[in-house]
Each structure stands twice: as structure tokens, then as C-alpha cells.
Amino acid sequence: MGPIAYALLFSLAAGLVVAEKSDYCLSEIVKSDQRIRSHGYPAEAHEVVTEDGYVLTLFRIPYSHKLQNQNQRRPPVLLQHGLFSNSDCFLCSGPDNSLAYLLADAGYDVWLGNARGNIYSRANQKISLNSYKFWHFDWHEIGTIDIAAMIDYIIDVTDFPKVHYAGHSQGTTVYLVLLSERPEYNDKIATGHLLAPCAFFAHGTSFVFNALGPLVGTPGGIWNQLLVDTELIPHNNLVNRVVDNGCHLSDAICKNAFVMFANGGYENANSSSMSVLVETHPAGSSSNQGIHYLQLWKSHAFRQYDWGTKKNNELYGQDLPPDYDLDLITAETHSYSSHNDALCGPEDVDTLVSRFTHLTEDHRVPVQSFNHLDFIIAKNVKELVNDPIIERINEYESR
Ligand SMILES: *[C@@H]1O[C@H](CO)[C@@H](O)[C@H](O)[C@H]1NC(C)=O
């Protein structure tokens with residue numbers, strides 16, 4: 001890890017400390033629906049309220065203006081972003097390359113999810129955004145509550161019995177969490193596509209693990225107690241300015257901002273796509289999401305949040321948190337992973353594949369340099385990932 005990466009890490013940490021919870025102004029950024037319209041496509045924004053009061057924004061590309069297929073059958077697809085991210089990640093490479101637009105042009109009704117806590121889903125009907133209680137959640141709740149609510153909402157609006165799903169990074173974790181914790185949702189999935197699947201972390205090579213893992217990966221530790229239930233790397237002017245200026249100053253700085261995702265090397269990255277991402281990223285998340293991932297890195301297990309023995313016993317009735325039972329996931333699911341992924345690398349994917357008894361197919365991107373973020377920003381993501389996903393969805397629909 002180079003000095004630039006350290007500088008950025010410190011800026012992010014500073015951002016964490018100084019950020020006021022609601023200081024940024026949503027009206028200043030181009031929102032996903034505006035972005036979609038600027039590319040000529042129809043766009044909608046829907047609000048979904050979860051059982052615990054979070055107000056989530058789902059963006060939608062209901063049809064393609066190129067196909068004029070608004071009166072035809074359009075099976076729904078839900079796209080779910082990763083940690084620190086939001087719905088823009090499926091739009092940032094524009095209409096010719098991004099998964100959302102390619103799916104719309106293939107005749108699908110495209111829904112873009114936003115997890116609680118990100119810039120598009122920062123409200124709760126019962127809890128103030130400024131309360132630490134607002135941030136008392138983890139990707140466990142995003143999976144079991146948010147994704148479930150999104151799927152039910154889409155099924156309700158579209159009248160289709162099932163939804164196709166594609167998720168990146170944390171968007172894969174929450175899929176695994178939902179289908180193992182609430183297995184009745186397997187029947188609501190037509191096909192699932194996991195991009196850079198993240199469940200096991202024993203081999204993560206990113207500096208993030210080594211720098212932060214020992215501090216917060218152990219339950220009950222001082223760092224853990226200080227950081228629990230707060231907003232992690234919020235979207236705020238300072239962080240944004242550092243990264244944005246960095247991107248304008250030099251490609252190298254910009255690429256270092258994303259260094260945590262790759263084992264070095266950004267030969268596949270589309271710089272324009274990165275600049276689009278930077279406008280609305282980092283998008284906001286709870287510290288518990290990051291802490292939980294670091295716990296997995298330490299424990300080598302894919303299991304629920306570790307609160308320490310006392311609270312674990314209260315919550316789970318056992319000393320250690322229970323594992324997510326991957327045997328319960330029966331929906332047709334495809335995994336797409338890559339060699340150069342520093343967060344969820346090939347050995348950890350091997351572990352996932354070996355435990356995921358009903359996995360339909362394990363696809364490995366054939367380009368060695370392809371990394372974690374390339375599933376979103378690579379110049380070659382269309383041929384290597386997006387087109388194959390659409391072919392498999394088409395194949396399902398032609399049965
Ligand atoms: C790179 O990103 C830009 C900005 O979104 C987009 O217009 C362009 O088509 C992308 N190119 C490739 C090859 O992905």
C-alpha cells in the first residue's frame with residue numbers, strides 16, 4: 001500500500017469523524033433517476049417502507065425507449081449494490097456497457113435497490129437519522145428485511161411471481177443471508193447472479209483486513225465499542241472533494257482510492273466510469289457492516305454478527321453466532337468471480353462453492369487481472385460479465 005492510499009485512508013477516517021449526519025445536499029448530486037433520464041430512458045423512483053420503518057428508494061427503468069416495449073411482457077430484475085455503494089454503480093458505464101441499461105434493452109423491467117443508510121435510503125419513519133439507533137443495523141438486516149421488502153414490492157407492482165436478481169459484493173452477501181434465513185424467498189427468485197461473491201474472507205489480501213481487522217474484528221474490543229452503530233465513511237464534502245480532486249489531478253490518485261479492491265493493477269478500469277462513481281460515492285453505511293465483515297475475516301466463518309459471549313447468549317442462545325445455512329439456498333444461482341479480487345478472492349470463492357450445495361454454476365472471469373471493482377467499472381465488463389448474465393436470464397425466460 002502506497003502513501004497515497006494511506007493519505008486517502010486518513011482522509012476517510014477524518015471524514016468519518018467530522019461528518020455531520022445530514023450535511024450533504026441531495027439536490028446537488030445527479031440522482032439515479034435523473035442519470036437514467038439523461039441517457040434517454042424512462043425512469044421512476046419508488047419508496048418502500050420496511051417493517052422496521054426504513055424508507056428505501058428503488059429506482060426503476062420500466063422499459064427501453066429503444067424497444068418501445070412498455071406494453072409487452074417485461075420480467076423484473078432487481079440489481080443490488082455493494083458496501084459504500086448505491087444504485088449508480090449499475091449505471092456508471094453508460095447505456096452501452098452498464099448492466100441496468102443492457103437489461104432494459106434486452107426487454108426487462110429493471111429495478112435498482114438501495115440499502116438502508118445509503119444516500120438514497122436515509123430515512124426512517126420512527127427513528128431520527130441523527131440517532132445512533134438509526135445506524136443499529138448490519139447487512140444481516142439489509143438481507144433479511146430490505147431485500148425481502150424490495151422483492152415483495154416488485155412482485156406486487158409487476159404481478160410477476162418471481163424476480164431475477166443480480167448483486168455485487170455486499171449485494172451477494174445479502175442474497176445469501178436472505179435465502180438462508182428466510183428460505184421461503186427461494187421461490188420468489190427466478191435466477192440469481194452473484195458478482196464477486198462475498199461470504200468467506202480467510203484469504204483476503206486487501207490492506208483493509210490487515211490494517212483494521214485486528215482492531216475491530218474481535219467483539220467487545222475498545223475499537224469495536226467506539227465504532228459500533230455509527231455511520232461509516234458517509235458521503236460528505238470532505239471525502240468527496242479529496243477523492244474527486246484526486247481523480248481530476250491524476251489517474252493514479254483516483255485509482256489508489258480504489259486500491260482496497262484489487263491486488264494492484266487497474267488495467268481493466270474505465271476511468272470515465274470511475275469518475276461517475278465518485279460523484280455519489282462513498283454512499284453511506286453503518287459501521288456494523290464493516291465490523292461484521294472483519295469478524296468474518298477473523299473467524300473464517302460465514303455467520304451472524306458477533307456481539308460477544310454475553311449478548312450472543314441473549315440473542316442466539318449460544319456463545320458464538322450461528323452460521324448462515326447455505327444448504328437452505330435452493331434458488332437457481334450463478335456465481336461470477338475473478339482471480340485478482342483482494343476482498344473476495346478465488347480461494348474464498350472455492351470455500352463458498354464447496355459449501356453452497358445447490359449452486360447452479362461457478363463462473364470464473366477468464367482475465368487474470370480482473371478485480372473486485374471491475375465487475376462495476378471494467379471496460380470489458382459487458383463481454384465478460386453482463387452479456388453472460390443476460391444470456392442466462394434469457395435462457396430461463398425461454399424455458
Ligand atoms: C466508460 O464509461 C463511460 C462513462 O460512463 C461510458 O460512456 C463508456 O461507454 C464506458 N466505456 C466502456 C468501454 O465501458
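In this convention, every chain numbers its residues from 1, walking through the sequence in written order. For this predicted model, a pLDDT threshold of at least 70 governs which residues receive local features, and a threshold of 80 or more governs which side-chain atom pairs are given and counted, while totals over whole chains, interfaces and linings are taken from all residues. Note: side-chain values were computed over all heavy atoms of the structure, leaving out hydrogens and water.

Looking at an unreviewed UniProt entry, the protein chain carries the name Lipase, with the source organism given as Drosophila persimilis. UniProt positions are given in the numbering used here, feature names are shortened, and annotations may be inferred rather than shown by experiment. Of the protein chain, the UniProt comment under Sequence similarities (unreviewed entry) reads exactly: "Belongs to the AB hydrolase superfamily. Lipase family."

## A short note on helix H10 (residues 271-280)
Exposed residues in this analysis have more than 50% of their type's maximum accessible area, buried residues have under 20%, and partly exposed residues fall in between, with area computed by a 1.4 Å probe over protein chains only. Put simply, DSSP marks the helices as runs of H or I at least four residues long and the strands as runs of E at least two long, and each gets a number from the N terminus on. Restricting attention to buried positions, one finds in H10 the residues Ser273, Met274, Val276, Leu277, Val278 and Thr280. Pairs of N or O atoms are called polar contacts if they sit within 3.5 Å, as long as, within protein, a hydrogen donor faces a hydrogen acceptor (for residues adjacent in sequence, only side-chain-to-side-chain pairs). For H10, the N-terminal cap is Asn270; the gap from its side-chain oxygen to the backbone nitrogen of Ser272 is 3.1 Å.

## Topic: unusual backbone geometry
Unusually for a residue other than glycine, Phe84 sits at a positive phi of about 65°. Assignment of secondary structure puts Phe84 in the loop between strand S3 (76-80) and helix H3 (99-105). Of note, the phi angle at His300 is positive, near 65°, even though the residue is not glycine. Structurally, His300 is set in the loop between helix H11 (287-299) and helix H12 (309-316).

## Here's the deal with the UniProt feature "active site" (unreviewed entry) in the protein chain
Those residues carrying the UniProt feature "active site" (unreviewed entry) are Ser169, Asp341 and His372 in this numbering. Taking the farthest pair of C-alpha atoms as the criterion, the annotated set spanning 204 residues converges on one region, since that pair is 10.7 Å apart. The residue Ser169 is located in the loop between strand S5 (163-168) and helix H5 (170-181) in this model.

## Description of H5
To estimate the expected span of a helix, subtract one from its residue number and multiply by 1.5 Å. With 12 residues, H5 extends 16 Å between its outermost C-alpha atoms, agreeing within 8% with the 16 Å of an ideal straight helix rising 1.5 Å per residue. With respect to burial, H5 is a largely interior element, 11 of its 12 residues being buried. Among all positions of H5, only Gln170, Gly171, Thr172, Thr173, Val174, Tyr175, Leu176, Val177, Leu178, Leu179 and Ser180 are buried.

## Things to note about the site of the ligand
The criterion for a residue being near a molecule or strand is simple. One of its heavy atoms has to lie within 4 Å of it. Neighbouring the ligand are the residues Cys92, Ser93, Gly94, Asn97, Asn270, Ser272, Ser273 and Lys379. Contacts to the ligand include Cys92, whose backbone N or O atom sits 2.7 Å from an oxygen atom. Asn270 is positioned with one of its side-chain polar atoms (N or O) 2.4 Å from an oxygen atom of the ligand. In this description, accessible areas are obtained by the Shrake-Rupley approach with a 1.4 Å probe, and a residue is regarded as covered only by the protein chains that are shown. Relative to its free-state accessible area of 360 Å², the ligand is covered by the protein chains to the extent of 65%. Of the residues contributing to the shell around the ligand, the split by class is 1 nonpolar, 6 polar and 1 charged. We call Asp, Glu, Lys and Arg charged. Ala, Val, Leu, Ile, Met, Phe, Trp, Tyr, Cys and Pro are nonpolar, and the rest, Gly among them, are polar.

## Some thoughts on the state of the cysteines
Here, a disulfide means two cysteine sulfur atoms that sit within 2.5 Å of each other. Considering all chains together, one arrives at 1 disulfide under this definition. The side chain of Cys198 participates in a disulfide bridge whose partner is Cys344; the two sulfur atoms lie 2.0 Å from each other. Judged by the torsion about the S-S bond (90°), the Cys198/Cys344 disulfide is right-handed. Taken together, the positions of Cys198 in the loop between strand S6 (189-195) and helix H6 (207-216) and Cys344 in the loop between strand S9 (333-337) and helix H13 (346-355) put the pair 146 residues apart, joining distant regions of the chain. Among the residues examined, Cys198 registers a relative accessible area of 2% and is labelled buried. Residue Cys89 stays outside any disulfide, its sulfur separated by 6.8 Å from that of Cys92, the closest cysteine. A residue is classified by how much of its surface remains accessible, and Cys92, at 6% relative accessible area, is buried.

## Some words on the environment of Ala104
For Ala104, the position within the fold is in helix H3. Distance from Ala104 to Arg60, taken between C-alpha atoms, is 9.8 Å for residues 44 residues apart in sequence. Two residues qualify as a contact provided that any one of their heavy atoms is within 4.5 Å of a heavy atom in the partner residue. Beyond its immediate chain neighbours, meaning those up to four positions away, Ala104 contacts Tyr41, Ile61, Ser64, Leu67, Asn69 and Val110.

## Focus: the packing of helix H4 (residues 139-158) against H5
Between the N-to-C directions of two axes lies an angle of 0 to 180 degrees, each axis being a line fitted to C-alpha atoms and, for a helix, fitted only over the stretch in contact. Between H4 and H5, whose axes approach to 8 Å, the crossing angle comes to 80°. When the axis of H4 is compared with that of H5, the two are roughly perpendicular. Where H4 approaches H5, its residues Trp139, His140, Ile142, Gly143, Thr144, Ile147, Ala148 and Ile151 are matched on the opposing element by Gln170, Thr173, Val174, Val177, Leu178 and Glu181. Its residues placed into classes, the contact of H4 with H5 shows 8 nonpolar, 5 polar and 1 charged. Just so you know how the angles are binned, under 35 degrees is roughly parallel, over 145 roughly antiparallel, 65 to 115 roughly perpendicular, and the rest oblique.

## Re empty space enclosed by the protein
A cavity, in this analysis, means grid points on a 1 Å lattice covering only the protein atoms where a 1.4 Å probe fits yet has no way out; a pocket is instead an open set bounded by protein on both sides within 12 Å along at least five of seven lines, and a residue lines either one if it has an atom within 4 Å of a point. Grid points are joined across faces, edges and corners, and a volume is the space filled by probe spheres set on the points. Counted by the stated rule, this structure contains 3 cavities of 30 Å³ or more. Taken as a whole, the largest cavity encloses approximately 60 Å³ of empty space. Those elements that provide at least two residues to the lining of the largest cavity are helix H14 (374-377) and helix H15 (381-397). Here the lining of the largest cavity is composed, by residue class, of 7 nonpolar, 4 polar and no charged.

## Examining the pairing of strand S4 (residues 109-112)
By the alternation rule, side chains of S4 split into Asp109 and Trp111 and Val110 and Leu112, which are all buried. Pairing analysis gives 3 bridges linking strand S2 (residues 55-61) to S4, with the strands arranged antiparallel. Across the sheet, residue Phe59 finds its bridge partner in S4, namely Leu112. Both S3 and S4 contribute to a ladder of 4 bridges, which runs parallel. Note that in S4 the partner of Pro76 across the bridge is Asp109. By the criterion used throughout, a crossover qualifies as right-handed when its path from the first strand across the helix to the second strand runs clockwise, the strands pointing away from the viewer. What joins S3 to S4 is H3, and the crossover it makes is right-handed. If DSSP finds at least two bridges between two strands, the strands pair.

## Section: the sheet that holds S2
Across the sheet, which stays open at both edges, the 8 strands sit in the order S1-S2-S4-S3-S5-S6-S9-S10 with mixed pairing between neighbours. A strand with exactly one partner marks an edge of an open sheet, and here the two such strands are strand S1 (44-49) and strand S10 (361-364). Each strand of the sheet is rotated relative to its neighbour by a mean of 20°, with strand direction disregarded. Of the strands in this sheet, S5, S6, S9 and S10 touch H15, which is tilted by about 165° from S6.

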